[in-house]
Structure formats: C-alpha cells, structure tokens
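# Understanding the architecture of this molecule
The residues making up each chain are set out below.
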Amino acid sequence: MKHVVTVASRELQGLFVSPVAYGVLSLFAVLAGFFFILGVAWFSDVVVRAQQFQAFDVLADLNLNDRLIGEFYGSMSVVLLFLIPGITMGLFAAEKVQGTHELLLTSPLTIWDIVLGKFLAGALFVLLLVAVVGFYPGLLFFYGDPELGKTLSGLLGLLLVGWIYVAIGAFASSLTRSQVLAFLISFVLLLCLLLLPAISELGVAGGGASVGAILSYLSTNTHFEELVRGLVTTSDLVYFAVMIGTFLVLTKTAVETARWR
Amino acid sequence: MLRRGSRVIEARGISKRYGDLVAVADVSFKIGKGEIVGFLGPNGAGKTTTMRILTGFMPPTDGTAIIAGHDIFSEPLAARRCVGYLPEQLPLYLEMTVTAYLTYVAKIKDVARRARAPAVDRALERCGLTEVRSRVIGNLSRGFRQRVGLAQAIVHDPPVLVLDEPTLGLDPLQVRDIRQLIADLTSPQDGNQRTVILSTHILPEVEAICQRVILINEGRKTVDAPLEELTRDGRSLEELFARETTHDVAEEVES
Ligand SMILES: Nc1ncnc2c1ncn2[C@@H]1O[C@H](COP(=O)(O)OP(=O)(O)O)[C@@H](O)[C@H]1O
Ligand SMILES: [Mg+2]
C-alpha cells in the first residue's frame, strides 16, 4: 500500500502537464458560474414578483438553500456526469497504449497500489472541482444568510457523487485500451445510475414495489438529494462507501484478469 | 560454469496459451550468475511472451520461474524487485523529464528514499543521459529514448536484466551505441555481476555481446548451447538459425 501516493502523484502530474486538466477546470468553472448566475437571476426575479404581489406565503417558502443552492448543486452533479468520464478515461487505457503498464505490472507494486493510486488521483481532482463549486454559494454568505450546514452537506454530497463517478470511470478504463471506449462505457454506466429512479417507476407497473425500492435505493440521486436537503445519515454515507468500494474491487479484478489472459 | 546455487534465472516447464494458440510450450532453462544469454527466434516464436513471464508481467499457464531464488508465484514482489526489464515497447511517460521519470521508477522499484538521487545519477551517467537529464522525454530522439529505457531497467541496480529487442528500430550508429552500452552495463562493476537475457533476431548482435544462445521456435526451445560451441569450425549462426527455425519465417530474418 505504500506506493499508492507515488502512483497518485504521478497521475496528477500527468494530468496537469496536459492541457486537458486545465481545459476541464476552466470549462467547469465557467459552467458553474453560468448555472449559478442563472439560479440567482431566477431567484431574485421570484422574490421581486412575490413582493410586488404581496405574496407572503411564497416569500416565506423561498429559501436560499432549497431554491438556489440545492438546484445549483443538482445542475453541477449533471455537469460532473459529463466531465468525469473525460478525466478518468485515460487512467488505465493510456498506460496500456504507452506501454507503461508493463513497467507498473513488473514493478514490486500490488494491484491495489495501482488501483487505489489511480482512484486517489481522480478523487483529488474531483475535490478541486467541488471546491470550485463551493466558491459560488460562498458568495451568498456576503449578501444573504444561507444555512452553513446545508450548504456544506450538499457539497459533501457532490463530492461523494463525484467519487462514485471516478470509481466507475476507473473501472471502465481498466476494461479497454481505447480511451474513447472507456469514456463511452463509463458515461453509459453513469447514465444508468442516474436514470435508475425512472427505470424503477417503469418497474413498479410490472415488477412490484420492492424492486422499485431497491432500484431507487441504488440510484446515486436518491442519496445525493438527502445530503443536499441537509440530512447526513449513516445509511447514505454507507451507500457511497459501498458503491465506491464495489467499483474499486471490480477494477482490481479487471486488471488482474487481464494479466491472466 | 553452472554451479548449483549460483543460478539466477530458472524457467521450469513454462507454457503459455492465448486461447487456442500455444505461444510457449514447456520451455525450461537455467542461467547462472553473470551469464549473458542471447534469446533467439523468429518473429512470433514466443520470446516476448517468455520474457513477460520471467518479469512477472503475466503468469504462465503452466510451469513456473525462479528469479534470484524467488518463485514468481509465491514471492512475486521479491522476484520483480530483482529484475530490470526493457520491454519491446519502451515504457516511457513522454511528458516527464528524464530525471523525474527515473526518480519515479526508482520509487516504484523500492529504492530507499536516501539512495534514490544517487541511483538516478548513476543510471543517467552509465546510460550517457547526464546532458539531457532535464529534457522532456517526448522531445528526445529515438536513440536517447532507448537509453532512457535502459536507464529505467538499471536504476534499482537489479541482479537480473531482461532486454526485449533492445536495438529494434534504431539506425546503425544508434545500434552500435546501444550495443556498446549493453556490453558496458554487463561488464562486472563493483563486484556486482549482472545476469542478462536479451532477445533479438539480429544474429551479429548475439555474436557481439552474448556467451550463450537459447533458440526458440514456435514456442519450443530447440537450441541451448554456448556461443563458441555453435560457431566452432567456422559454422555460422545463420546456418543454425535457418536449420532450426520454421523455414518461411526464417527467410524473413536477415541483417
Ligand atoms: N496478448 C496476446 N494475445 C494473443 N496472442 C498473443 C498475445 N501476445 C502474443 N501472442 C501470440 O503469441 C505468439 C508469440 O508471440 P511473442 O511472444 O510476441 O513472440 P516474439 O516476441 O518471439 O516475436 C505469436 O503468435 C503472437 O501472435
Ligand atoms: Mg517480441
């Protein structure tokens, strides 16, 4: 396990030497700004109208966290769904094409060293992305009084969702030597994960409520929304840990199996 | 010459199948400390596959290998620590500088923190890379990249070197340089005798560097003898190669 950090730091260096990382970061910051401004504009518009019409019940119901920050986090989780496969697609595929995985696999590293190192690199990059997201609601503390707890638990939710996406992206990348294919595989897996509640609704018609409940429990969004609402429960945290762990084990198995073929 | 206990590489009945294709079939050999062995065979004979097994890149379907006393199955990390490997495709991160790359390799090869900088300096010097140490690998010529490949193989000062077609794709001058470099690397230094197995299908290369020849054809070992025995009475390696390998492939081999 002692080489996890070595592998991770080389991976991050590789990421930051290439223009891709900076491209992804700037695109992400711009998109975040765009969605945030859109949210603020919509929110103030609603406030102004409600005041004009003296609609106090609407005003009482308006709340920065639920109506603005929560929506913003939701949009950014969708942006992550598109961006993270682009970051993770090279984790293993690029090593195979460069021939460097022959160096890794003939060095005294365990497969866990490699897999966890790759995941750590991706996880730290996502931490950076989430910090960028956090900057925007941070601005609101100067102009309003959002709840700190909810703001932070939502960010934690976004971070954990991003980490699941990294684990899935790493798995996809371990299956192939083509980065394009790795991107597509992880994108499709992430979409399935996102759409599970919709699938579960279809399932209720035919399959029964319990199947629906399971599918919706498996969906990342169900747990993400709880955190955005400020509810940090052990069961949600366990869900994130189990999902990340499962895909890391799958990745390790894939790397190992490729070796035996 | 082959005293028991001094043997450093031992292949025991190695076989490797890819699906239905038998790439290596029941290959055994023992290589003693300090020996430099040319691993010969036409393209597709199974040289790379055998070397990948010796280096721990992939396990054999059958049989096992012992590297410096460590079985590749029961002590994989210890076995890999004893090997320096130059794969057929150079394992380079093109965006890294030469020094950063070699430092990284030293780390993952378990070179202790304090020994790392001297180990990298020594590898740079032995491979003639000191002048380009701060250059980005992607900007180096093919010949220099090959040197970086050799440098990563020796940075942790391994007792065993496995070199897969080390002069492939180089121009004649670069070939001469790299051959000289390999000869230097394998000459005893500080009392450390390196054991080397190097694959090639260039026969003069074998005559220039090696003491012993192992020839494989279609995954089977067909010849295993000292070079001087094979070239005694004015016989040439070429005749041997033509006789012992499958004919249509043998015709493609020249130079
Ligand atoms: N990963 C692989 N999957 C399937 N077949 C392979 C693979 N690697 C090598 N082979 C086949 O195994 C045989 C031996 O290949 P190789 O060991 O690369 O030979 P050499 O290095 O002597 O040219 C060849 O027929 C080759 O096509
Ligand atoms: Mg080969």
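Broken down by element type, chain A carries 12 helices and 0 strands. Along the chain direction, N to C, the helices and strands of chain A fall in the order α-α-α-α-α-α-α-α-α-α-α-α. Going through the 261 residues of chain A one by one, you find that 49% of them count as buried. Sequence separation of 24 or more characterises 79% of the internal contacts of chain A that already satisfy a separation of 6 or more. Here chain A has roughly 11,900 Å² of accessible surface; of this, 73% comes from carbon and sulfur atoms.

All names here are of chain B. We note that the domain assignment places domain 1 (44–210) and domain 2 (211–255) within chain B. For domain 1 and domain 2, the distance between their C-alpha centroids amounts to 25 Å. On the side of domain 2, 15 residues touch domain 1, which itself brings 12 residues to the contact. Summed over both partners, the interface of domain 1 with domain 2 buries about 960 Å², with 70% contributed by carbon and sulfur atoms. In terms of surface lost to domain 2, no three residues of domain 1 exceed A45, L203 and C210, which account for 51% of the buried area on that side. At the boundary of domain 1 with domain 2, the tally comes to 0 salt bridges. Put simply, domain 1 and domain 2 have 1 residue pair in polar contact (both at pLDDT 80 or more) between them. Elements represented by at least two residues in the side of domain 1 that touches domain 2 include exactly α1 (47–54) and α7 (203–209). Looking at the side of domain 1 that touches domain 2 element by element, the count peaks at 5 residues for α7. Looking at the side of domain 1 that touches domain 2 residue by residue, the class counts come to 7 nonpolar, 3 polar and 2 charged.

Glancing now at the site of ligand 1. Residue and element names in this part refer to chain B. In the vicinity of ligand 1, the residues found are Y18, L21, A23, P42, N43, G44, A45, G46, K47, T48 and T49. One of the backbone nitrogen or oxygen atoms of G44 is found 2.6 Å away from an oxygen atom of ligand 1. Between an oxygen atom of ligand 1 and a main-chain N or O atom of G46, the distance comes to 3.0 Å. If ligand 1 stood free it would expose 560 Å²; the protein chains cover 62% of that surface. Broken down by secondary-structure element, the contributors of at least two residues to the shell around ligand 1 are β2 (21–32) and α1. Per-element tally for the shell around ligand 1: the top contributor is α1, with 3 residues. Residue classes in the shell around ligand 1 are distributed as 5 nonpolar, 5 polar and 1 charged.

Definitions and cut-offs
Residues numbered from 1 in each chain as written. Chains lettered and ligands numbered in written order. Predicted model: local features only at pLDDT ≥ 70, side-chain atom pairs only at ≥ 80, totals over all residues. Heavy atoms only, no water. Helix = DSSP H or I, 4+ residues; strand = E, 2+ residues; numbered from the N terminus. Buried < 20%, exposed > 50% of the residue type's maximum accessible area, 1.4 Å probe, protein only. Contact = heavy atoms within 4.5 Å. Areas by Shrake-Rupley, 256 points an atom, 1.4 Å probe, with all protein chains shown as cover. Domains from an automatic or database assignment. Buried area = accessible area lost by both parts, 1.4 Å probe. Salt bridge = Lys/Arg side-chain N within 4 Å of Asp/Glu carboxyl O. Polar contact = N/O pair within 3.5 Å; in protein donor to acceptor, adjacent residues only side chain to side chain. Nonpolar A, V, L, I, M, F, W, Y, C, P; charged D, E, K, R; others polar. Near = heavy atom within 4 Å.

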